[in-house]
Amino acid sequence: MYTDSGTNPRVQTFDLRRWDAGTGAWVTFASPADGIGHDLTVTGFGDVTTSRLRVALTGRKPTEVYTPTLTEIAVYRTGA
């Protein structure tokens, strides 16, 4: 995840959510609280299989007055 060019990171907390087709609801599987910065990699949440992925920006850094933004996300599989 990256910040806008030339700006400070603005997001402190966010949720990663997967779609559960069986219940028709979003399920949170990771809630990092270390902020979003340049080249952030979120790992350690185990295997996740889904047809939809949602990133919910849930908290702004207390020093920021501007609206949080997200310009890019990449999802990939590691390991075997």
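Note that this is a predicted model, so its numbers are computed, not measured. (Residues numbered from 1 in each chain as written. Predicted model: local features only at pLDDT ≥ 70, side-chain atom pairs only at ≥ 80, totals over all residues. Heavy atoms only, no water.)

So, about the sheet that holds strand β1 (residues 11–20). Judged by pairing direction, the sheet is antiparallel, and its 3 strands sit side by side in the order β2-β1-β3 without closing on themselves. Looking at the sheet topology across the chains shown, the edges are occupied by β2 (25–30) and β3 (53–60). In this sheet, neighbouring strand axes are inclined to one another by 40 degrees on average, regardless of whether the strands run parallel or antiparallel. Strand direction decides the pairing type here: β1 and β3, joined by 7 bridges, are antiparallel. Across the sheet, residue T13 finds its bridge partner in β3, namely G59. (Pairing = 2+ DSSP bridges. Helix = DSSP H or I, 4+ residues; strand = E, 2+ residues; numbered from the N terminus. Axes fitted to C-alpha atoms, helices over the stretch in contact; angles between N-to-C directions.)

If you look at the biggest cluster of nonpolar residues, it comprises 5 residues: V11, F14, L16, A30 and I36. No other element matches the 3 residues that β1 contributes to this core. Non-local contacts of A30, meaning those with residues more than four positions away in its chain, are made with F14, D15, L16 and F45. (Core = buried A, V, L, I, M, F, W, Y, C linked by side-chain atoms within 4.5 Å. Buried < 20%, exposed > 50% of the residue type's maximum accessible area, 1.4 Å probe, protein only. Contact = heavy atoms within 4.5 Å.)

Okay, the environment of A74 next. Among the secondary structure elements, A74 is positioned in the segment after β3. The exposed category is assigned to A74, whose relative accessible area is 56%. Remark: the alpha-carbon pair of A74 and T41, spanning 33 residues in sequence, is separated by 9.5 Å.

This structure, assessed with the given rule, holds 2 aromatic pairs. Between W19 and W26, the aromatic rings sit 5.2 Å apart at their centres with planes inclined by 70 degrees, giving edge-to-face as the arrangement. The ring of W19 carries R52 above its face, with NZ or CZ at 4.5 Å from the centroid. (Phe/Tyr/Trp six-rings, centres within 6.5 Å; stacked < 30°, edge-to-face > 60°. Lys NZ or Arg CZ within 6 Å of the ring centre and 35° of its normal.)

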